[in-house]
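Fold and contact review
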Amino acid sequence: DAKTTQPPSMDCAEGRAANLPCNHSTISGNEYVYWYRQIHSQGPQYIIHGLKNNETNEMASLIITEDRKSSTLILPHATLRDTAVYYCIVRVAGETSGSRLTFGEGTQLTVNP
Amino acid sequence: DGGITQSPKYLFRKEGQNVTLSCEQNLNHDAMYWYRQDPGQGLRLIYYSQIVNDFQKGDIAEGYSVSREKKESFPLTVTSAQKNPTAFYLCASSIFGRVNEKLFFGSGTQLSVL
C-alpha cells in the first residue's frame, strides 16, 4: 500500500469549510483513497473513499487530483462535533487481498467556536 | 441496531496474567480485525480473520492470540508475553475482508497494567 502524508494538525472555524490535505505520491493505479475519522477514545468512523473521480456523500466531499498524487477531504460546514483525528489511507483493490490495514498518525482537526 | 460490541470498556491486567478482550458483531460480516492504538499514535493491525476457524497475523501479533470459532465473535487474548500491553484496543469488521470495503469499528477497550 502507498504511504500517505498528512499535516499533524489543523484548525477551522465553526461553520466554515474544513479542507484536509493528503499526499500519496506513490499511489498506484488500482489503489483507492479512504478517509476515516476518530473522535477521542472512540472507534474510527468511515467517511468516504474514491479511486479517481471526485466523490460526495452526506458527510463530506473527496477531491482527488488528476495525477492522483494527492487528495483533499472537504467538510463543507464544520461543526464542533467534527473535531477529531482524520486518517487518509490508500488501499489496493482486489478480491483476494486480505484487508491488512495500517492507519498512520492522521491530522488532528480542531473546530473552534 | 447492527454493530460491533466490545467489552469491557476498561480492563486492568496484573503482571504475568493473561486477559481476554471480547468482540461481538451482529452485522453478518465475514471479516474481523483487531488493532492496537497507543496514545497519540495511529492504529496498528494485530490479527485479522476472513472466515471462521481461520486467522492471520498482522503487523504486531507477538504476545497476542485470537480465536474465531463463531462468525460473530473474535476474542483477543493479551498474554503475559506481551511486555507492554497498556493501550487502546479496537475491533473492526467488514463484509468479506476485501481491500476495497469499509471497516466498521467498535468503541474500544482500554487496557492498563497494574
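Presented here is a report on the structure given in the accompanying data block. (Residues numbered from 1 in each chain as written. Chains lettered and ligands numbered in written order. Predicted model: local features only at pLDDT ≥ 70, side-chain atom pairs only at ≥ 80, totals over all residues. Heavy atoms only, no water.)

What follows covers the overall build of chain A. Scanning chain A from terminus to terminus reveals zero helices and nine strands. In chain A, the order of α-helices and β-strands from amino to carboxyl end is β-β-β-β-β-β-β-β-β. Out of the 113 residues belonging to chain A, those deemed buried represent 42%. For chain A, the exposed area adds up to about 5,800 Å²; of that, 48% sits on carbon and sulfur atoms. (Helix = DSSP H or I, 4+ residues; strand = E, 2+ residues; numbered from the N terminus. Buried < 20%, exposed > 50% of the residue type's maximum accessible area, 1.4 Å probe, protein only. Areas by Shrake-Rupley, 256 points an atom, 1.4 Å probe, with all protein chains shown as cover.)

A word on the overall build of chain B. Helix and strand content of chain B: zero helices and eleven strands. Along the chain direction, N to C, the helices and strands of chain B fall in the order β-β-β-β-β-β-β-β-β-β-β. On C-alpha atoms alone, chain B measures out to a radius of gyration of 13 Å, which is about the 13 Å that the 2.2 N^0.38 rule sets for 114 residues. Here the C-alpha coordinates of chain B stretch approximately 35 × 25 × 25 Å along the principal axes. Counting all 114 residues of chain B, 49% fall into the buried class. (Rg over C-alpha atoms; globule rule 2.2 N^0.38 Å.)

Per the stated rule, a full pass over the model turns up two disulfides over all chains. A sulfur-sulfur separation of 2.1 Å characterises the disulfide bridge that pairs cysteine 22 of chain A with cysteine 88 of chain A. Sign of the S-S torsion, about -80 degrees for the bond between cysteine 22 of chain A and cysteine 88 of chain A, identifies this disulfide as left-handed. With a gap of 66 residues between them, cysteine 22 of chain A in strand E2 (residues 18–23) and cysteine 88 of chain A in strand E8 (residues 84–92) connect regions that are remote in the sequence. Since its relative accessible area comes to 1%, cysteine 22 of chain A is described here as buried. Judged by its relative accessible area of 3%, cysteine 88 of chain A is buried. Each sulfur of the disulfide joining cysteine 23 of chain B and cysteine 91 of chain B lies 1.9 Å from the other. Residues cysteine 23 of chain B and cysteine 91 of chain B share a disulfide whose torsion about the S-S bond is about -75 degrees; that sign makes it left-handed. (Disulfide = S-S within 2.5 Å.)

Residue and element names in this part refer to chain B. Taken in spatial order, the four strands make up an open sheet running E1-E3-E8-E7, and their pairing is antiparallel. Two strands lie at the open edges of the sheet, namely strand E1 (4–7) and strand E7 (64–66), each paired on one side alone. When the angles between neighbouring strand axes are averaged without regard to direction, this sheet yields 20 degrees. Across three bridges, the pairing between E7 and strand E8 (residues 76–78) is antiparallel. Across the sheet, serine 65 pairs through a bridge with threonine 77, a residue of E8. (Pairing = 2+ DSSP bridges. Axes fitted to C-alpha atoms, helices over the stretch in contact; angles between N-to-C directions.)

Residues and elements named next belong to chain B. Along the chain, serine 49 turns up in strand E5 (residues 43–51). Reaching out from serine 49, the side chain makes a polar contact with the backbone oxygen of isoleucine 51 at a distance of 3.0 Å. A polar side-chain atom of serine 49 sits 2.8 Å from a polar atom in the side chain of arginine 68. With sequence-adjacent residues up to four places away left out, serine 49 is seen in contact with Asp30, Ala31, Met32, Asp54, Phe55, Arg68 and Phe74. (Polar contact = N/O pair within 3.5 Å; in protein donor to acceptor, adjacent residues only side chain to side chain. Contact = heavy atoms within 4.5 Å.)

All names here are of chain B. Burial of the side chains of E1 is restricted to one face: Ile4 and Gln6 are buried, whereas none of Thr5 and Ser7 on the reverse face is. As paired strands, E1 and strand E3 (residues 19–25) are joined by four bridges and run antiparallel to one another. Among the inter-strand pairings, serine 7 is bridged to a residue of E3, identified as serine 22.

All names here are of chain B. In strand E2 (residues 10–13), alternate side chains face the same way, and those of Leu11 and Arg13 are buried while those of Tyr10 and Phe12 on the opposite face are not. Of the strand pairs in this sheet, E2 and strand E11 (residues 109–113) are connected by four bridges, and their pairing is parallel. Residue pairing for E11: phenylalanine 12 is matched across the bridge by serine 112.

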